[in-house]
Amino acid sequence: MKLYDLAHSRAGDKGNRLNLSLIPYDPAHYALLAAQVTAERVLALFAHRGATGCVRHDLPLLHAFNFVVEDALEGGVNGALNLDGHGKTMSFRLLSLEVDCP
Amino acid sequence: MFRLGNASGFSGDRVDAPIPVMRDLVAGGTPAALFFETLGERTVALAQLERRRAPALGYEPMLERLIRPILRDAHDHAIPLLGNWGAANPPAGGLAVARVAMELGLPGLRIAVVEGDDVTGAVAGGQLPVHEADAGLDMGDWRLVAANAYIGAEAMVEALAQGAQVVVAGRTSDPALAIAPLMHHFGWRADDWAMLAVGAAAGHLLECGAQLTGGVFWDPGRKDVPDPANLGYPIAEVTADGGLVVTKPRGTGGLVDLRTVKEQLLYELHDPAAYVTPDVVLDITGCTLDQVGKDRVAVRGLRGHPRPESLKVTASFEGSWLGEGEVSVAGPNAAARARAMAEVLLERLRIRGLSITRARVDLIGVSSVHDADDGALWRSSAHEPPEVRVRLAVESASRDDADGAAREALAMLCCGPAGTGGARWRVTPRILTRSHLILRERVPTRVSIRTAKEMLA
């Protein structure tokens, strides 16, 4: 199934750096997401745009994750030719990821 | 208890947002303040260009429209208004407030203008180190437009202490607009990191307006939000011991729940242990949330660390142009016609020999905003939508060449594939930004307070 069925997300930017929250609707799915939605998989979602790194910050008390993706915005709001230079729509690229939910 | 409202999350936000928030603050009867965040990373550069063109402008263009419906209540109920709506020209923003005050018969309204964030000279002199995130940026022949330091709450606290009813600032940090009225009301010291962390969290949660109350959240059938046409803007209720509850005005649309608060808490956040503001470093790794009532969420477990010695500076540069042109195709074989047109557009750029440093084609409907400049996603997509909008975007140091490229999309009206229509094209100046650091003692701020009548005398 798609991550979209288990979690929600919001994208933010600072310059050429993108951040994506990932929040399971059901806290019981936190461990499943921790195991499957790795920084490597998220970085791969932005490989076509030249992203150079991704760090995942885990927030177990909030049952949420924060991904910080470097160089994912083709220059960011000022530099990019992309219509969405902020990368605001990227939360839904993350939510398109396939996950296995037993 | 102190109630703090927000009525604007960016330059371009809903101009009727302040009315229900002010009504709720007045009805609450407790001490309160209302803040407006209208200055993005690039807004200040655009405002600087505007000021250069017209010296009496360069402040937030919607300022008068935002405050006119609420200024009388702010005055009568002693609810100060604070905003970074001075943008590149806080004194002119102050005059704009004074004119509205006179229209409303409030000549005694006390207006504070906060200046000092403009550090263009220091950046122009090459004296400031570049922020590590931008170390690889080479500005080449780009020309410096503006450089502004993100100042903290102190100058605004001073303004409030002197009785300011409206504070017009320029490049403040967003959370400082929330921290200032809280420091003033509760008498928090500038090194009370635990309390300032509460203020920073309130500011961070509120600074984007409706993003806390259902905006950038609603998703029909999945995350439904009541009445998104009338989203209520957020309110924070803060107690002297650092209690924080976020909510929204009664009788408005939207919602405040654990989902909306989590999304906004992590918005534009990098390391959750160190959200750096000029006033305090906020750590949310111990934060917990509780739904304590309908549209009421308590935020607990916030920690604060000492503020940084340096302030962040955003420097903006000009030096190139963005040319954009778009046309549509629809109906049978639309995707194939769009793909072929994309290749022809790129070929035309080569034939014309235009001085283009970067070009991109989007097939809107197949793939665009998630794509890369080289069209990696649409080139590998088999999607066949019934309509596609083809967009060409180029960067050029020459305005004429950017325009010439954009007009290649227009020319598709006669030269394009069958059934091509709906052309739009434009050329706009590009602004690039680079972050620097500056020691805070090199950014002296100034506060001047006068009544509306005195300002216009």
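What you see is a predicted model; the values in this text were computed from it and never measured. (Residues numbered from 1 in each chain as written. Chains lettered and ligands numbered in written order. Predicted model: local features only at pLDDT ≥ 70, side-chain atom pairs only at ≥ 80, totals over all residues.)

Q: So what's going on with the pairing of strand β3 (residues 17-24) of chain A? Which residues, and what values?
A: Residue and element names in this part refer to chain A. Burial analysis of β3 places eight of its eight residues in the buried class, which makes it a mostly covered element. Of the two faces of β3, the one holding Arg-17, Asn-19, Ser-21 and Ile-23 and the one holding Leu-18, Leu-20, Leu-22 and Pro-24 are both buried throughout. Bridge analysis of strand β1 (residues 7-8) against β3 gives two bridges, and the strand direction is antiparallel. Following the sheet pairing, His-8 is matched in β3 by Ile-23. (Buried ≥ 20, exposed ≤ 12 C-beta atoms within 10 Å, placed from the backbone. Helix = DSSP H or I, 4+ residues; strand = E, 2+ residues; numbered from the N terminus. Pairing = 2+ DSSP bridges.)

Q: Can you tell me about the sheet that holds strand β10 (residues 281-283) of chain B, naming the residues and giving the values?
A: Residues and elements named next belong to chain B. In space, the three strands of this open sheet follow the order β9-β10-β13, with antiparallel pairing throughout. Edge positions in the sheet fall to β9 (275-276) and β13 (303-305), since each of these pairs with one other strand and no more. Note that β10 and β13 share three bridges and pair antiparallel. By the bridge assignment for β13, Leu-282 is matched with Gly-304. Docked against the sheet, helix α9 (residues 193-206) engages β9, β10 and β13, running at close to 110 degrees with respect to β13. (Contact = placed C-beta atoms within 7 Å. Axes fitted to C-alpha atoms, helices over the stretch in contact; angles between N-to-C directions.)

Q: Any details on the interface of chain A and chain B? Residues and values, ideally.
A: Contact residues are listed per partner, giving 29 residues for chain A and 37 residues for chain B. Among the elements of the structure, β2 (11-14), β3, β4 (53-59), β5 (64-70) and α3 (76-79) of chain A are those that each provide at least two residues to the side of chain A that touches chain B. Ranked by the residues each element gives to the side of chain A that touches chain B, the list is headed by β3(A), at four residues. Here the residues of the side of chain A that touches chain B are counted per class, giving nine nonpolar, twelve polar and eight charged. (Nonpolar A, V, L, I, M, F, W, Y, C, P; charged D, E, K, R; others polar.)

Q: Give me the packing of helix α7 (residues 154-161) of chain B against helix α8 (residues 176-186) of chain B: which residues, what numbers.
A: Residues and elements named next belong to chain B. α8 packs onto α7 with a crossing angle of 45 degrees between their chain directions and a minimal axis gap of 8 Å. When the axes of α7 and α8 are compared, the pair comes out oblique. As α7 packs across α8, the resulting crossing turns out to be right-handed. Here Met-156, Val-157, Leu-160 and Ala-161 of α7 lie close against α8, whose contacting residues are Ala-176, Ala-180, Pro-181, Met-183 and His-184. Residue composition of the contact of α7 with α8, by class: eight nonpolar, one polar and no charged. (Parallel < 35°, antiparallel > 145°, perpendicular 65-115°, else oblique. Left-handed = near helix turned anticlockwise from the far one by under 90°.)

Q: Outline the domain arrangement of chain B, supporting the account with residue identities and numerical values.
A: All names here are of chain B. Here the domain parsing of chain B yields domain 1 (2-314 + 436-456) and domain 2 (319-433). Relative placement of domain 1 and domain 2: their C-alpha centres are 38 Å apart. With nine residues of domain 1 in contact, the opposing surface of domain 2 contributes four residues. Secondary structure elements with two or more residues in the side of domain 1 that touches domain 2: α2 (43-53) and β5 (143-149). (Domains from an automatic or database assignment.)

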